[in-house]
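# Structural overview for review
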Amino acid sequence: GIGTASPKAKLHVVNSATPTFNTDTHAGESIFVRAGGGTSSGDAQGVIGFGKADGTSDRTGAAIASVQTDTDVDKVGLGFYTSGSSASTQTMTQKVLITHDGNLGIGTTSPAQKLEVAGRVRATTDPTFEVYESSSLRGGIQWDTSSNFTNIFSVGGDIRFERAGSERGRFTSSGLSVSGSAAISGN
């Protein structure tokens, strides 16, 4: 126990100061990690590694790191690393990155948008991005949680468009069909 007389874990650290997120004073931080890394964009600056069950060897299987995300050393984000190898000697690769300006990248080390999902498609059954709802067996994306929500979802190979609980149209193997009072405009 550090900062506590009654630890609840193997390492229990308590800092009674209120966090200020001032990088010079470190007030309120319970643990501070810094490494002697490089100063180029993409370089890790501090790493917390997580071990894996690999006999008696101490090997890291995943990690979280502060990552410089610009040529300016003060612009730092957060990276998540995993190892996909079954070999005893492994190299972790970055799978998720939150940049210094708040962009979130999954499968990319340089997201240019607030959310960027990158991937490779090995076959039609391996999408880059997927949302899946197991209770109704349909994948979809929904905007707005009010009664005026908009959905785009897949059912049986069709892509359906829904607004406020009513289907407005769908793409099928035969083409586009429009439902109700919906209209198609433009070119």
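What counts, and where the lines are drawn
- Residues numbered from 1 in each chain as written.
- Predicted model: local features only at pLDDT ≥ 70, side-chain atom pairs only at ≥ 80, totals over all residues.
- Heavy atoms only, no water.
- Helix = DSSP H or I, 4+ residues; strand = E, 2+ residues; numbered from the N terminus.
- Buried < 20%, exposed > 50% of the residue type's maximum accessible area, 1.4 Å probe, protein only.
- Contact = heavy atoms within 4.5 Å.
- Areas by Shrake-Rupley, 256 points an atom, 1.4 Å probe, with all protein chains shown as cover.
- Salt bridge = Lys/Arg side-chain N within 4 Å of Asp/Glu carboxyl O.
- Core = buried A, V, L, I, M, F, W, Y, C linked by side-chain atoms within 4.5 Å.
- Pairing = 2+ DSSP bridges.
- Axes fitted to C-alpha atoms, helices over the stretch in contact; angles between N-to-C directions.
- 1 Å grid on protein atoms, 1.4 Å probe; cavity = no way out; pocket = protein on both sides within 12 Å on 5 of 7 lines; lining within 4 Å.
- Points joined across faces, edges and corners; volume = space filled by probe spheres on them.
- Phe/Tyr/Trp six-rings, centres within 6.5 Å; stacked < 30°, edge-to-face > 60°.
- pLDDT = per-residue confidence, 0-100.
- Patch = residues over 30% accessible without salt bridge, like charges linked within 9 Å, V, L, I, M, F, W, Y side chains within 5 Å.

## Comments concerning the overall build of the protein
Of regular secondary structure, the protein possesses zero helices and 11 strands. Sorting the 187 residues of the protein into buried and exposed places 14% on the buried side. Intrachain contacts of the protein at a sequence separation of at least 6 include 11% that bridge at least 24 residues. Accessible area for the protein stands at about 13200 Å²; split by element, carbon and sulfur atoms hold 52% of it.

## Notes on the pattern of salt bridges
Under the defined criterion, the tally for this structure stands at three salt bridges. In this structure, Asp158 engages Arg170 in a salt bridge whose closest nitrogen and oxygen atoms are separated by 3.5 Å. Residue Asp158 is found in strand E9 (residues 158-163), and its partner Arg170 is found in strand E10 (residues 166-172); the two are separated by 12 residues along the sequence. In this structure, Arg170 engages Glu167 in a salt bridge whose closest nitrogen and oxygen atoms are separated by 2.8 Å. Via salt bridges that share partners, Asp158, Arg160, Glu167 and Arg170 belong to a single interconnected network.

## Details of the nonpolar core
Core analysis: the largest hydrophobic core is formed by five residues, namely Ala63, Ala65, Val67, Tyr81 and Leu97. Sorting elements by how many residues they give to this core places strand E2 (residues 60-68) first, with three residues. If we ignore the near neighbours within four places in the chain, the residues touching Ala63 are Val47, Ile48, Gly49, Phe50, Gly79, Phe80, Tyr81 and Met92.

## Focus on the sheet that holds strand E3 (residues 76-82)
Judged by pairing direction, the sheet is mixed, and its six strands sit side by side in the order E1-E2-E3-E4-E5-E6 without closing on themselves. Where the open sheet ends on each side, the last strands, each with one partner, are strand E1 (44-51) and strand E6 (115-117). For this sheet, the mean angle separating the axes of adjacent strands, direction not counted, is 20°.

## Looking at the layout of surface pockets
Gaps left between atoms show up when a probe the size of a water molecule is rolled over them. Empty space within the largest pocket amounts to approximately 870 Å³. Surrounding the largest pocket, 26 residues form its lining, Thr23, Phe32, Val33, Ser66 and Val76 being those nearest its centre. When residues of the lining of the largest pocket are traced back to their parent elements, those giving at least two are E1, E2 and E3. The element that contributes the greatest number of residues to the lining of the largest pocket is E1, accounting for four residues.

## Topic: the packing of aromatic side chains
Scanning the entire structure with this criterion turns up one aromatic pair. Both rings, one in Phe161 and one in Phe171, keep their centres 5.8 Å apart while their planes meet at 70°; by these two values the pair is edge-to-face. Note that Phe161 is positioned in strand E9 and Phe171 in strand E10, a separation of 10 residues in sequence.

## Some details on the environment of Gly165
Counting through the fold element by element, Gly165 comes out in the loop between E9 and E10. Distance from Gly165 to Asn151, taken between C-alpha atoms, is 8.5 Å for residues 14 residues apart in sequence.

## Overview of the pairing of E10
Summarising the sheet, E9 and E10 pair through five bridges and their orientation is antiparallel. Bridged to Arg163 within E10 is Ser166. Across four bridges, the pairing between E10 and strand E11 (residues 175-178) is antiparallel. Residue Gly169 lies in a different strand from E11, and its bridge partner there is Val178. Between E10 and E11, which pair antiparallel one after the other, the connecting turn spans two residues.

## What to know about the confidence of the model for the protein
Looking at the protein as a whole, the pLDDT averages 79, with 76% of positions reaching at least 70. Below pLDDT 50 for its whole length, residues 121-127 participates in three contacts with residues either more than four positions away or in separate chains.

## Focus: a nonpolar patch on the surface
Together, Ile2, Leu11, Ile31, Val33, Ile48 and Phe50 line one region of the surface with nonpolar side chains, adding up to about 560 Å² of accessible area. Within the secondary structure, Leu11 is located in the segment before E1. Residue Leu11 is classed as exposed on the basis of its relative accessible area, which comes to 56%.

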